[in-house]
Amino acid sequence: MRRTIDWDDGAIVIVDQVALPGAYRTLRLGTVDELVDAIQRLAVRGAPALGAAGALGTALAARHHWPDLTKVRAQAERVARARPTAVNLSWGVSRALSALPESAEAVLAEAQAILDEDENVNRLASGHAAELVLERCPRRPLRLLTHCNAGRLATVAWGTALGVVWHLHTAGHVDYVLADETRPLLQGARLTAWELAEAGVPYRILPDSAAALAMARGMVDCVLVGADRIATNGDVANKIGTYGLAIAAARHRIPFVVVAPWSTVDTSLPDGSSIVLEERPADEVTHISGEPIAPEGAPVFNPAFDVTPAELITAVVTERGVLS
Ligand code: MRU
């Protein structure tokens, strides 16, 4: 399977996630402007994929502007600021910039190292999480619930929370996956459902508001989600709706497991209170496929992420192991 994001002959190539599930197509991004636009439109999205985008964007800037290091840094900064919540984006930029004094080629080599590491890191983290799920959830086969898209489309390859599903499904342990549709941009209905169908994993899409009922009816053994930024105390920023899911899971004593690469941990933050939560345009809520579903000019609150307090989380699992 092709990578979600890659480098090809002087350009960044991404799987266009706005087109899915209707069409599977790729986009070539040859400038920082095009990359920033793709990040902001969510054509490339998901924290680990954004880490790769940050690094490759820096490589693009270095290719165009080296040896003018000030200019390269300014362009890289634009990439790092394209979206605020996933720490992986600025992490990818900083890591690629560390090679800047050497040469533009060195920046690209560092970016490519991030891409090469991504699949291994995700396989490891999700493997640790799969073991934890098997330990904590006695029922077989397992009924899993996930939110947003934390699959291969959100990473360079493999995925984080959905990576756990791939491990468990291969071992014959998955009954089904419930995929929250994830209003308003429907990453669950459009992307997670597409990945599950591709992999032949039985699934059902449910409105986000049905998740608590599914738990109350005993339809869920474990909740698996990814993360966009994890504070030192274990507070987790992830797609809007994650906090509500964690409250419902705690009420029903269902394990709530967060799976992410270590690059999602922001050790500069003692807790999640200062994480910047992106707010997105009103029309994402008031319109569906360009058609209005609310009165014209209706005021909107549209945060793209929320913060789940550590006390509601059973474990945060990275490639380094399980943090309970
Ligand atoms: O707005 P998005 O689609 O970029 O949000 C993505 C998420 O919230 C994912 O759950 C998170 O990035 C983890 S992806 C492995």
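The coordinates are above.
Throughout what follows, the structure given in this document is the object of discussion.

What counts and what doesn't
- Residues numbered from 1 in each chain as written.
- Predicted model: local features only at pLDDT ≥ 70, side-chain atom pairs only at ≥ 80, totals over all residues.
- Heavy atoms only, no water.
- Helix = DSSP H or I, 4+ residues; strand = E, 2+ residues; numbered from the N terminus.
- Contact = heavy atoms within 4.5 Å.
- Pairing = 2+ DSSP bridges.
- Axes fitted to C-alpha atoms, helices over the stretch in contact; angles between N-to-C directions.
- Near = heavy atom within 4 Å.
- Polar contact = N/O pair within 3.5 Å; in protein donor to acceptor, adjacent residues only side chain to side chain.
- Areas by Shrake-Rupley, 256 points an atom, 1.4 Å probe, with all protein chains shown as cover.
- Nonpolar A, V, L, I, M, F, W, Y, C, P; charged D, E, K, R; others polar.
- Parallel < 35°, antiparallel > 145°, perpendicular 65-115°, else oblique.
- Left-handed = near helix turned anticlockwise from the far one by under 90°.
- Phe/Tyr/Trp six-rings, centres within 6.5 Å; stacked < 30°, edge-to-face > 60°.
- Buried < 20%, exposed > 50% of the residue type's maximum accessible area, 1.4 Å probe, protein only.
- Right-handed = clockwise from strand over helix to strand, strands pointing away.

Mapped onto the fold, Ala248 is located in helix α9 (residues 242-251). As a C-alpha pair, Ala248 and Ala211 span 37 residues in sequence and 8.2 Å in three-dimensional space. Apart from residues lying up to four places away in sequence, Ala248 is in contact with Ala212 and Met215.

Taken together, the 3 strands give an open sheet; going across it, the order is β8-β9-β13, and neighbouring strands pair in antiparallel fashion. On the outer flanks of this sheet lie β8 (229-230) and β13 (305-308), each paired with one strand and no other. α9 rests against β9 (236-239) and β13 of the sheet, and its axis sits at about 35 degrees to β13.

For the rest of this paragraph, the subject is unusual backbone geometry. The omega angle of the peptide bond from Trp66 to Pro67 is 15 degrees, so this bond is cis rather than trans. With an omega dihedral of 0 degrees, the bond running from Arg183 to Pro184 counts as a cis peptide bond. Here Pro184 shows up in the loop between β5 (174-180) and α7 (187-199). Look at Cys148: it is not a glycine, yet its phi comes out positive at around 60 degrees. Counting through the fold element by element, Cys148 comes out in the loop between β4 (142-146) and α6 (161-170). Backbone geometry at Thr182 places phi at a positive 75 degrees, although glycine is not the residue there.

Moving on to the site of the ligand. By nearness alone, 18 residues border the ligand, and Arg45, Arg83, Asp228, Asn238 and Lys239 come closest of all. Between Arg83 and the ligand, the recorded distance is 2.8 Å, taken from a side-chain N or O atom to an oxygen atom. Residue Lys239 places a side-chain N or O atom 2.7 Å away from an oxygen atom belonging to the ligand. Contact with the protein chains hides 99% of the accessible area of the ligand, taken as 410 Å² for the molecule alone. Of the residues belonging to the shell around the ligand, the class tally is 8 nonpolar, 6 polar and 4 charged.

Running from amino to carboxyl end, helix α3 (residues 69-80) crosses helix α4 (residues 87-97) at an angle of 160 degrees, the nearest separation of the two axes being 9 Å. Comparing their axes, α4 and α3 come out roughly antiparallel. Every pair of crossing elements has a handedness; the one defined by α3 and α4 is right-handed. Contact with α3, carried on its side by Val72, Arg73, Ala76, Val79 and Ala80, involves Leu89, Ser90, Val93 and Leu97 of α4 and no other residues of that element. Across the contact of α3 with α4, the residue classes break down as 7 nonpolar, 1 polar and 1 charged.

Moving on, we come to the packing of helix α2 (residues 47-65) against helix α5 (residues 104-136). Two numbers describe how α2 lies on α5: the axes approach to 8 Å, and their chain directions differ by 165 degrees. The angle between α2 and α5 places the two elements in the roughly antiparallel class. As for how α2 packs across α5, the hand of that crossing is left-handed. Together, Pro48, Ala52, Ala55, Leu56, Thr58, Ala59, Ala62 and Arg63 of α2 and Ala104, Val107, Leu108, Ala111, Ile114, Leu115 and Asp118 of α5 make up the contact between the two elements. Residues that form the contact of α2 with α5 fall into these classes: 12 nonpolar, 1 polar and 2 charged.

The next subject is the packing of aromatic side chains. The final tally for this structure, using the stated rule, is 1 aromatic pair. A ring pair is formed by Tyr24 and Trp194, whose centres lie 5.7 Å apart and whose planes are at 20 degrees; its orientation type is stacked. Of the two residues, Tyr24 is situated in the loop between β2 (11-15) and β3 (26-29) and Trp194 in helix α7; the sequence distance between them amounts to 170 residues. Tyr24 sits in the partly exposed class, given a relative accessible area of 39%.

In spatial order, the strands read β6-β5-β4-β7-β10-β14-β15; together these 7 strands make up an open sheet with mixed pairing. Strands with a single pairing partner mark the edges of an open sheet, and in this sheet they are β6 (203-206) and β15 (321-323). Pairwise comparison of adjacent strand axes, ignoring direction, gives a mean angle of 25 degrees for this sheet. One ladder, built from 3 bridges, connects β4 with strand β7 (residues 222-225); its direction is parallel. Bridge assignment links Leu145 to a residue of β7, and that residue is Val223. Running over the sheet, α6 touches β4, β5, β7 and β10 (256-259) and is turned about 165 degrees from β4.

This next bit is on the pairing of β5. Here β5 lies mainly inside the structure; 6 of its 7 residues are buried. By the bridge criterion, 5 bridges tie β4 to β5 in an arrangement that is parallel. Each bridged residue has a counterpart across the sheet, and for Thr146 the counterpart in β5 is Ala179. Relative to β6, β5 runs parallel, the two being bridged by 4 bridges. Considered in β6, the bridge of Leu178 is made with Arg204. Once the chain exits β5 it traverses α7 before rejoining the sheet at β6, and the crossover so formed is right-handed.

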